[in-house]
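Structural characterization, general
The primary structure of each chain is shown beneath.
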Amino acid sequence: MTLSLRVLVFCAALALSSIAPAMALQSSGGDISKSEAAERARIAADGRVLKVEQTSQNYRVKVLKKSGRVVSVEVDKRSGKVKQSKGKD
């Protein structure tokens, strides 16, 4: 196998390995994990996660923004959709 073909095969395998867990989670119908909810909230609010609480249908994630403001972010357990709900000064 030539070097460029080996690199191509390696890159394809690497791409599939990073996509496969997310696809498996969606197809299994299972809930997202607490850590995945925290990561999604952290990215959406652009801050640092302080606390993650679990309700029957959502995760409620408290995030400290760079401005010093604390916001509460709701993450749907099933879909992983993020909704920024309210902030505190």
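Source: prediction; values computed, not measured. (Residues numbered from 1 in each chain as written. Predicted model: local features only at pLDDT ≥ 70, side-chain atom pairs only at ≥ 80, totals over all residues. Heavy atoms only, no water.)

**Some points on the pairing of strand β1 (residues 47–54)**
The criterion, for reference: Paired strands, as defined in this entry, are two strands with at least two bridges between them according to DSSP. Only DSSP runs of H or I reaching four residues or more are called helices, and only runs of E reaching two or more are called strands; each is numbered from the N terminus.
Looking at chain direction, β1 and strand β2 (residues 58–65) are connected through 7 bridges and run antiparallel. Paired with Gly47 across the strands is Lys65, a residue of β2.

**Description of helix α2 (residues 34–45)**
Filter applied, for reference: To estimate how far a helix should extend, the number of its residues minus one is multiplied by 1.5 Å.
Here α2 spans 16 Å end to end across 12 residues, near enough to the 16 Å set by a 1.5 Å rise per residue. Count one or two residues on from α2 and you reach Asp46, which has phi positive near 55 degrees.

**Notes on the pattern of salt bridges**
Note the cut-off: Should a side-chain nitrogen of Lys or Arg be within 4 Å of a carboxyl oxygen of Asp or Glu, the pair is scored as a salt bridge. Each residue is assigned to one of three classes by its accessible area relative to the maximum for its type, calculated with a 1.4 Å probe on protein chains only: buried under 20%, partly exposed between the two thresholds, exposed over 50%.
Per the stated rule, a full pass over the model turns up 7 salt bridges. For the salt bridge of Lys51 with Glu53, the shortest nitrogen-to-oxygen distance reads 3.2 Å. For Glu53, a relative accessible area of 27% translates into the label partly exposed. Residues joined by salt bridges that share partners form a network here, namely Lys51, Glu53, Arg60 and Glu74.

**Looking at the nonpolar core**
Test applied: Within this scheme, the nonpolar core is defined by two criteria: the residues are buried Ala, Val, Leu, Ile, Met, Phe, Trp, Tyr or Cys, and they are joined through side-chain atoms within 4.5 Å. Two residues qualify as a contact provided that any one of their heavy atoms is within 4.5 Å of a heavy atom in the partner residue.
Formed by Ile32, Ala37, Ala41, Ala45, Tyr59, Val61, Val63, Val71, Val73 and Val75, the largest nonpolar core amounts to 10 residues. Counting residues per element, the ones that place at least two in this core are α2, β2 and β3 (70–76). With residues up to four places along the chain from it excluded, the contact list for Val63 reads Ala41, Ala45, Gly47, Arg48, Val49, Leu50, Arg69, Val70, Val71 and Val73.

**Regarding unusual backbone geometry**
Although it is not a glycine, Asp46 adopts a positive phi angle of roughly 55 degrees. Tracing the chain through its elements places Asp46 in the loop between α2 and β1. You can call Asp46 partly exposed: its relative accessible area is 46%.

**A word on the environment of Asn58**
By secondary structure assignment, the location of Asn58 is in strand β2. Classification of Asn58 as partly exposed rests on a relative accessible area of 23%. Sequence separation of Asn58 and Asp76 is 18 residues, and the distance between their C-alpha atoms is 4.5 Å. When near neighbours in sequence (up to four residues on either side) are disregarded, Asn58 contacts Glu53, Glu74, Val75, Asp76 and Lys77.

**Some points on the confidence of the model for the chain**
Using the following cut-off: Each residue carries a pLDDT score, the predictor's confidence in it, ranging from 0 to 100.
Of the residues in the chain, 62% reach a pLDDT of 70 or more, and the chain-wide mean stands at 80. Predicted confidence is poor over residues 22–27, with pLDDT under 50, and the contacts of this stretch with residues over four places away or in other chains come to 3 contacts.

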